[in-house]
Amino acid sequence: MAEDTPVGMVDSLPGNGGPAEDALAFATAYVADGEMDAALLAALSDPEKAAERERRKALQRQTDWANLGYYREENAALAGQKTDVVFMGDSITEMWRIAQPELFTDGIVNRGISGQTSAQMLVRFTPDVIALKPRVVHLMCGVNDVAGNTGPTTPQDLLNAINAMVDLAQAHGIEVILGTLTPVTGLPWAPAVQDPRGRVVAMNAEVRALAARRDMALADYFAVLADDGNALKSELTRDGVHPTGQGYREMRPLADAALKVALRR
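Keep in mind that this is a model prediction, so the values were computed, not measured.

Draft legend 1. Broad picture of the environment of Met121. Residue placement: Met121 occurs in helix 6 (residues 118-128). A relative accessible area of 0% places Met121 in the buried class. Distance in space between the C-alpha atoms of Met121 and Cys141 is 8.5 Å, their sequence separation being 20 residues. Look past the residues within four positions of Met121 in its chain and what remains in contact with it is Met88, Gly89, Asp90, Gln116, Met140, Cys141 and Met165.

Dropping the structure here:
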């Protein structure tokens, strides 16, 4: 750990500036139409660069497990401004801002962080959602829980975290849009995980039931992204996990419809 790394409780902490330059370049190329740049793909597979990414990830986990610093500066910049909607989620949410930047204007902000599980989102739900005082939160999480990104977990653990975030939102008068888990063809970074497709299908049954039981708007993205085998449609993905630009265009009408419902309440 560097000598200037904060230790213990301190009076304030800086933000960490959001995504690294290489991650942003990859995400931008990923959601763009057409073939990805071969040079970019080659650079991403370079062992030294891959090792550097892992080093940064390990340091971030060590010093800021929930990545509270990711949006700290953006949140501070919103002080005194009107926020209507916050999109909370993982990489699928974060990349949406790159795929459709026009969605995240006029009081709609994006607070997705790549790789995050529901437990990490729960920790940052207060600074990244509640503190912004939105009318609506769009919550979509779960694929990284299935992958075990922060360790082994259970379906009930995921449901507990979702329910806790819903409790926080509703206690502050914030309407919730609950998004289903998006389908996966596989989990390239977690190949040992058994039956991820089946897990996603089972969790989505719980998510739909939860939305109905707690009177929340539902955005069923799985329904428009999945093929007959419960995988992410091949024409809507490059890696079997993340939607392409066309995938987000398929998702957008569901988001717009859910937002109309939630904002009318």
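Draft legend 2. Quick look at the pairing of strand 3 (residues 136-140). Burial analysis of strand 3 places five of its five residues in the buried class, which makes it a mostly covered element. Across the two faces of strand 3 the burial is the same, with Val136, His138 and Met140 and Val137 and Leu139 all buried. Looking at chain direction, strand 1 (residues 85-89) and strand 3 are connected through five bridges and run parallel. Within strand 3, the residue paired with Met88 across the bridge is Leu139. Direction of pairing for strand 3 relative to strand 4 (residues 175-179): parallel, over a ladder of four bridges. The residue of strand 4 that forms the bridge with His138 is Ile177.

Draft legend 3. How the structure looks around a negative patch on the surface. Taken together, Asp227, Asp228, Glu235 and Glu250 make up a surface patch of like negative charges. The topology assignment puts Asp228 in the loop between helix 10 (221-225) and helix 11 (245-264).

Draft legend 4. Expanded view of the nonpolar core. Phe125, Val137, Ile162 and Leu178 are the most contacted members of the largest nonpolar core, which totals 37 residues. Those elements giving two or more residues to this core turn out to be strand 1, helix 6, strand 3, helix 7 (143-147), helix 8 (155-171), strand 4 and helix 9 (196-213). Excluding residues that lie within four positions of it along the chain, Ile162 makes contacts with Leu139, Cys141, Leu178, Val207 and Leu210. By size, the runner-up hydrophobic cluster in this structure holds 30 residues, among which are Ala27, Ala29, Val31 and Ala217.

Draft legend 5. Main features of the packing of aromatic side chains. With the rule as written, the count across this model stands at six aromatic pairs. On the numbers, 5.0 Å between centres and 75° between planes, the contact of Tyr70 with Tyr71 is edge-to-face. On the accessibility criterion, Tyr70 (10% relative accessible area) is buried. Both rings, one in Trp96 and one in Tyr221, keep their centres 5.7 Å apart while their planes meet at 80°; by these two values the pair is edge-to-face. Here Trp96, found in helix 5 (residues 91-99), pairs with Tyr221, found in helix 10; they are 125 residues apart in sequence, far enough to count as distant. The same class applies to Trp96 as to Tyr221, namely buried. Joined through ring pairs, the aromatic side chains of Phe87, Trp96, Phe104, Tyr221 and Tyr248 make up one cluster. The cationic tip of Arg238 hangs over the ring face of Tyr30; the distance from NZ or CZ to the ring centre is 5.7 Å.

Draft legend 6. Spotlight on the sheet that holds strand 2 (residues 108-112). If you trace the five strands from one edge of the open sheet to the other, you get 2-1-3-4-5, paired in parallel fashion. Two strands bound the open sheet, and with one partner strand each, they are strand 2 and strand 5 (217-219). Taken pair by pair, the neighbouring strands of this sheet meet at an average axis angle of 20°, ignoring direction. Pairing geometry for strand 1 and strand 2, over five bridges, is parallel. Counted as the bridge partner of Phe87 is Asn110 from strand 2.

Draft legend 7. View of the pattern of salt bridges. Overall, the coordinates contain 16 salt bridges when judged by the stated rule. Residues Asp220 and Arg208 are paired through a salt bridge, measuring 2.9 Å at the closest nitrogen-oxygen approach. Of the two residues, Asp220 sits in the loop between strand 5 and helix 10 while Arg208 sits in helix 9, which places them 12 residues apart along the sequence. The class of Arg208 is partly exposed, set by a relative accessible area of 29%. Within the structure, one salt-bridge network assembled from shared partners comprises Asp22, Glu52, Arg55 and Arg56.

Reading guide: rules and limits
- Residues numbered from 1 in each chain as written.
- Predicted model: local features only at pLDDT ≥ 70, side-chain atom pairs only at ≥ 80, totals over all residues.
- Heavy atoms only, no water.
- Helix = DSSP H or I, 4+ residues; strand = E, 2+ residues; numbered from the N terminus.
- Buried < 20%, exposed > 50% of the residue type's maximum accessible area, 1.4 Å probe, protein only.
- Contact = heavy atoms within 4.5 Å.
- Pairing = 2+ DSSP bridges.
- Patch = residues over 30% accessible without salt bridge, like charges linked within 9 Å, V, L, I, M, F, W, Y side chains within 5 Å.
- Areas by Shrake-Rupley, 256 points an atom, 1.4 Å probe, with all protein chains shown as cover.
- Salt bridge = Lys/Arg side-chain N within 4 Å of Asp/Glu carboxyl O.
- Lys, Arg positive; Asp, Glu negative; His and termini not counted.
- Charge placed at Lys NZ, Arg CZ, Asp CG, Glu CD.
- Core = buried A, V, L, I, M, F, W, Y, C linked by side-chain atoms within 4.5 Å.
- Phe/Tyr/Trp six-rings, centres within 6.5 Å; stacked < 30°, edge-to-face > 60°.
- Lys NZ or Arg CZ within 6 Å of the ring centre and 35° of its normal.
- Axes fitted to C-alpha atoms, helices over the stretch in contact; angles between N-to-C directions.

By themselves these figures say nothing about function.
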